[in-house]
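Each chain, written out:
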Amino acid sequence: MPRRGKSVPPRRQRPRESPALVAFGRQLRRMREAKGIKQETIAHLTNLSGAQVSRIEAGKRRASRTFVELVDDYLEAGGALISLWEDLNKDGHPVPIWFDWPGIEADAAMLVSWEPMLINGLAQTPAYASALLRGNKEAVDARIARQSILTGRDEASLPLLMLLIDEQALYRQVGAPETMREQLEHLLDMSMLPNVTVQVVLGNGEHDGNSGGFMIATMDDRSEISYVETAIRAITTDNPADLAIMARTLFELRARTLTEEMSREVIRKVVQEKWT
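These notes cover the structure that comes with them. For clarity, every value in this text was computed on a predicted model and none was experimentally measured.

Brief notes about the overall build of the protein
In step 1: Looking only at helices and strands, the protein features 12 helices and 6 strands.
In step 2: Residues classed as buried in the protein amount to 44% of the 276 residues present.
In step 3: Looking at the protein alone, contacts between residues at least 24 apart form 71% of all its contacts between residues at least 6 apart.
In step 4: Summed over all atoms, the accessible surface of the protein reaches about 14,500 Å², with 51% contributed by carbon and sulfur.

Now the structure itself:
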């Protein structure tokens, strides 16, 4: 339900399917049908729903390597399905080329974000985003449009979002002081949404989170995909080794994290003492 009189943003348009996803899905369907096997059988084998398998075959959902290995073995494909999956991961890309993050973000059941020094894009105001993006209106509009995944009429379908906010981001000026005040007040408003948790991570001392920010998306099937921004480009990965490193980082960050109410108190204090 809308909160405090705010209108509900329109649902974002899902991105078009990746050609790689479509190619893989079509081949999977051909191989399955050639064996006379139903989607429901594949769903039972891989612990997915029939609808999820249907989306993979339609090119609307990525397939994990575990899924591919199970299905390849069951269909007696002799590694052909695995080879196709691996080929679609090549082409000079160190991570799967079909990982379109906006689509993953929109489909996620849960999102956990850590961002040192800045407020995450899903919680930014237009003015704050504009200051960071040097006034690029198209980029600002695209960033703000992403936030529509957090609101809607059906709360049960909304993703859960945990924002771990670097304490230093509350003090680091982006734009004018008025921009910072508006941004932190917006953060307080967001913290009251039923599907959003905002917690401040104390900024003193050294910890692994200082090496950079990331977001982890947990999907309906409990698989995880992470998004990491670098100075060159963004990286998406579901590599278990990468995810394990981020899990350890989150474990360390949470040891430095204030409760939700204490976090609100800190944010209110910074608004009053620093940005008013």
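More follows now that the structure is in view.
Quick word on the pairing of strand E5 (residues 224–229)
In step 1: Relative to E5, strand E4 (residues 214–218) runs antiparallel, the two sharing 5 bridges. Note on E5: the bridge partner recorded for Phe214 is Val228.
In step 2: Hairpin remark: E4 followed by E5, antiparallel, with 5 residues in the connecting loop; positive phi at Arg222, about 75 degrees.
In step 3: Both E5 and strand E6 (residues 234–237) contribute to a ladder of 4 bridges, which runs antiparallel. Bridging from a neighbouring strand, Val228 pairs with Ile235 of E6.
In step 4: In this structure, the hairpin formed by E5 and E6 is closed by a connection of 4 residues.

Observations regarding the pattern of salt bridges
Oppositely charged side chains are able to pair whenever their charged atoms sit close together.
In step 1: Inspection of every chain in the model, using the stated rule, returns 10 salt bridges.
In step 2: Here Glu57 ties to Arg32 by a salt bridge, and the two come within 2.6 Å at their closest N and O atoms. Residue Glu57 is found in helix H3 (residues 50–57), and its partner Arg32 is found in helix H1 (residues 19–34); the two are separated by 25 residues along the sequence.
In step 3: On the basis of relative accessible area, Glu57 is assigned to the buried category, the value being 3%.

What counts and what doesn't
Residues numbered from 1 in each chain as written. Predicted model: local features only at pLDDT ≥ 70, side-chain atom pairs only at ≥ 80, totals over all residues. Heavy atoms only, no water. Helix = DSSP H or I, 4+ residues; strand = E, 2+ residues; numbered from the N terminus. Buried < 20%, exposed > 50% of the residue type's maximum accessible area, 1.4 Å probe, protein only. Contact = heavy atoms within 4.5 Å. Areas by Shrake-Rupley, 256 points an atom, 1.4 Å probe, with all protein chains shown as cover. Pairing = 2+ DSSP bridges. Salt bridge = Lys/Arg side-chain N within 4 Å of Asp/Glu carboxyl O.

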